[in-house]
Amino acid sequence: MTRLTGRALRLTVYIGEDDIWHHKPLYTEIVHRAHTAGLAGASVFRGIEGFGASSRIHTSRLLSLSEDLPVAVVVVDTEERIRAFLPQLDELVTEGLVTLDDCEVIRYVGRADNTGEPDAEGKNSL
């Protein structure tokens, strides 16, 4: 398991729900590449309303405008690992916004894997 505490970077990629990479959602490709790169974790959050550089408002309130809702992919890891991952985003994100923020990781603990081995806190997972 990756250990992560203290100073870190939060990478946030703002894209549209309908953005595609090789016939699958772009957010899925970003998450899978972050996983393959060994990053600490990634989450996808679906927005209910927003607009970007195109100034077109996307909202879930009106059926006619509920297409291509905003999506944020958030990844947190060390600065070195996040910056090493950025070239992959250059290839993937042709429209959208990519931001980096300093953050501090207070707690990063995964679920037990049911092997019976002690977890990070020394507790048995069975």
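This text follows the structure it describes.
Residues numbered from 1 in each chain as written. Predicted model: local features only at pLDDT ≥ 70, side-chain atom pairs only at ≥ 80, totals over all residues. Heavy atoms only, no water.

Attention shifts here to the environment of R83. Structurally, the position occupied by R83 is in helix α2 (residues 79-92). Separated by 74 residues in sequence, R83 and L9 place their C-alpha atoms 8.9 Å apart. When sequence neighbours within four positions are dropped, the list of residues in contact with R83 reads L9 and L100. (Helix = DSSP H or I, 4+ residues; strand = E, 2+ residues; numbered from the N terminus. Contact = heavy atoms within 4.5 Å.)

Take the layout of surface pockets next. In this structure, the largest pocket encloses a volume near 460 Å³. Considering the residues around the largest pocket, the lining is formed by 20 residues, among which I15, G16, G52, A53 and G96 are closest to the centre. The set of elements that each furnish at least two residues to the lining of the largest pocket consists of β1 (6-16), β5 (49-50) and β7 (70-77). Grouping the amino acids of the lining of the largest pocket by side-chain chemistry returns nine nonpolar, six polar and five charged. (1 Å grid on protein atoms, 1.4 Å probe; cavity = no way out; pocket = protein on both sides within 12 Å on 5 of 7 lines; lining within 4 Å. Points joined across faces, edges and corners; volume = space filled by probe spheres on them. Nonpolar A, V, L, I, M, F, W, Y, C, P; charged D, E, K, R; others polar.)

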